[in-house]
Amino acid sequence: MSYVRDWKGQLAAIIERHNEMHAFRHKPISHNTREARRQSLFRMFGLLRQLGFMVAPANIGDRHVRALVRYWCAQPAAAMPAREQACSAAYIQQQLSILRVFAGWIGKAGLVHEAKAYVEDPALVARHYAAQRDFSWAANGVDAQTLVAKVTEMDRYVGIQLRLMLAFGMRRKEAVMFAPHVAEVPDYALPKGHPAAMRFVSFLRIKRGTKGGHLRYTAVRSDEQREALEEARRVAKTRDGHVGCPGLTLKQSLDRFSNVVRTVGISRKGLGVSAHGLRHQFANDLYFEIATVRSPVQGGDPALDPAVRRDAYRQVAEQLGHHRPQVSTAYLGSLRQEGGTNNEASAQHQG
C-alpha cells in the first residue's frame, strides 16, 4: 500500500530519468517542453486518483487510459465524476501524446492508441487544423487600435504588449519578454538563403518566449509596425530591457497581462475575441499583402494561382514561427473546407 501512496515520488523518479530527451529523435528538448510534460503527467495521475484509480505510475494500463479519455470527453461512467464540458480534441490528442511517451519510458510502448480507439464517436477527438471562421478582432467587429489605446491608458506595459501582438503576430509570452533594442536586424544579417530577405528590408529576431525556444524572423514592413517598435523602445529604456513590467517575475507579468485584458472585456464571453485573435489578424493581413486577395477564411478568391497561394502560406507560417506551411490553415483556412466540422477549438490551440 505504501508503494501506491508514494506515487508522486515514483513518478518524479521516472520523469527525472527520461524527460530530457526528445520522444523520437536522439536530442535533448527544451526546458519548457520538459516542464510541460512533467506538469501534464502529474495532472493525469492525480486525475486518475480522483477517478478512483489508486494506480502506481509503472502499473498504468489500458483501463486507466480509457478512463482518462472518457473524462476528457465528458462521458459519464459509473462511480466516476464527470466533467461539465468536454476538452478540445487538440487537448486530448496532446495529453495522449505525452502519455504515449511516458508508456515508452516504463516499457509499455504500444499501450496508448490513437484517440479514436477510445470513443464511440471519433468526432469527439478528431483534430482539424483548418479554421472555418475568422478569429481576428476585425472580423468580430472589434477595432484593435481603439481597444489597445484603452488598455494603454490603464496599463502602459500591457498596452505595448498588445500592440506588438497585432503588429508582429507575437504570442503573449513573446510580447511580454520582448527586448526591442536588440531585436531588429537588417535583411543582409539574416541566415544565408532566407527567402524573405529578398522582399523586406529589416526583421525582428524573436526567440525569447517562443515555443521550444525556436528562433524566427518577422518582417518590419509597415509604418504601424515601426511605430509599435519605437514605442516598445521607449517603454524598455535600457539596451537589454524588455517590455514586461519592471520588478515583476515572468509569471507575474503574464498574470498581469491576463488580468488587464480580462478587465476590458477581451474574452470570448466579453467582446467575443481573445488576445490570441491579434495573431490571427496579423496572419490574415500578411496573407493579403503577399497574395493581394483575402484569405480563404475571409472569403478570398478560390481561383488564386496555387503557386502564389502556397508561397503566401509558407511566408505566413515562417513569420508566425512555424516550420510547416500547412499550419497556416489554422489562421487562414483552407480552400477545401470540411463541411459541418467545428474547427474552432483546434484553431485556437495552434501556436
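Right above here is the structure, for reference.
Everything numeric here is computed off the predicted structure, so don't read it as measured data.

Considerations on the overall build of the protein
At step 1: A tally of helices and strands in the protein yields 14 helices and three strands.
At step 2: Each of the 351 residues in the protein was classed as buried or not, and the buried ones make up 48%.
At step 3: Taking as baseline every contact in the protein between residues at least 6 positions apart, the subset at least 24 positions apart corresponds to 65%.

Thoughts on the pattern of salt bridges
At step 1: Following the criterion strictly, the structure yields 15 salt bridges and no others.
At step 2: Between Asp255 and Lys251 there is a salt bridge, with its nearest N and O atoms 3.0 Å apart. Of this pair, Asp255 and Lys251 are both found in helix α10 (residues 250-263), four residues apart, which corresponds to roughly one turn of the helix.
At step 3: Overall, Lys251 belongs to the exposed group, its relative accessible area being 59%.
At step 4: Counted as one network, the salt bridges with shared partners bring together Glu184, Arg226, Glu230 and Arg233.

Side note on the packing of helix α3 (residues 31-50) against helix α5 (residues 89-105)
At step 1: Orientation of α3 relative to α5, taken along the N-to-C sense of each, is 95°, at an axis distance of 10 Å. One finds that α3 runs roughly perpendicular with respect to α5. Between α3 and α5, the contacting residues are Arg37, Ser40, Leu41, Arg43, Met44 and Phe45 on the first element and Tyr91, Gln95, Ile98, Leu99, Val101, Phe102 and Trp105 on the second.

Structural notes on the environment of Ala56
At step 1: One can find Ala56 in the loop between α3 and α4 (62-72).
At step 2: Judged by relative accessible area, Ala56 falls into the buried class, the value being 2%.
At step 3: Spatially, the C-alpha atom of Ala56 lies 8.0 Å from that of Asp6, the residues being 50 residues apart in sequence.

Brief notes about the sheet that holds strand β2 (residues 202-206)
Each strand in a sheet pairs with another by means of backbone hydrogen bonds, the pair being arranged parallel or else antiparallel.
At step 1: If you trace the three strands from one edge of the open sheet to the other, you get β1-β2-β3, paired in antiparallel fashion. Edge positions in the sheet fall to β1 (184-186) and β3 (216-220), since each of these pairs with one other strand and no more. Sheet twist, expressed as the mean angle between neighbouring strand axes with direction ignored, is 40°.
At step 2: Strand direction decides the pairing type here: β2 and β3, joined by five bridges, are antiparallel. Residue pairing across strands places Phe203 opposite Ala219, the latter belonging to β3.

Here is what the cut-offs are and how they apply
Residues numbered from 1 in each chain as written. Predicted model: local features only at pLDDT ≥ 70, side-chain atom pairs only at ≥ 80, totals over all residues. Heavy atoms only, no water. Helix = DSSP H or I, 4+ residues; strand = E, 2+ residues; numbered from the N terminus. Buried < 20%, exposed > 50% of the residue type's maximum accessible area, 1.4 Å probe, protein only. Contact = heavy atoms within 4.5 Å. Salt bridge = Lys/Arg side-chain N within 4 Å of Asp/Glu carboxyl O. Axes fitted to C-alpha atoms, helices over the stretch in contact; angles between N-to-C directions. Parallel < 35°, antiparallel > 145°, perpendicular 65-115°, else oblique. Pairing = 2+ DSSP bridges.

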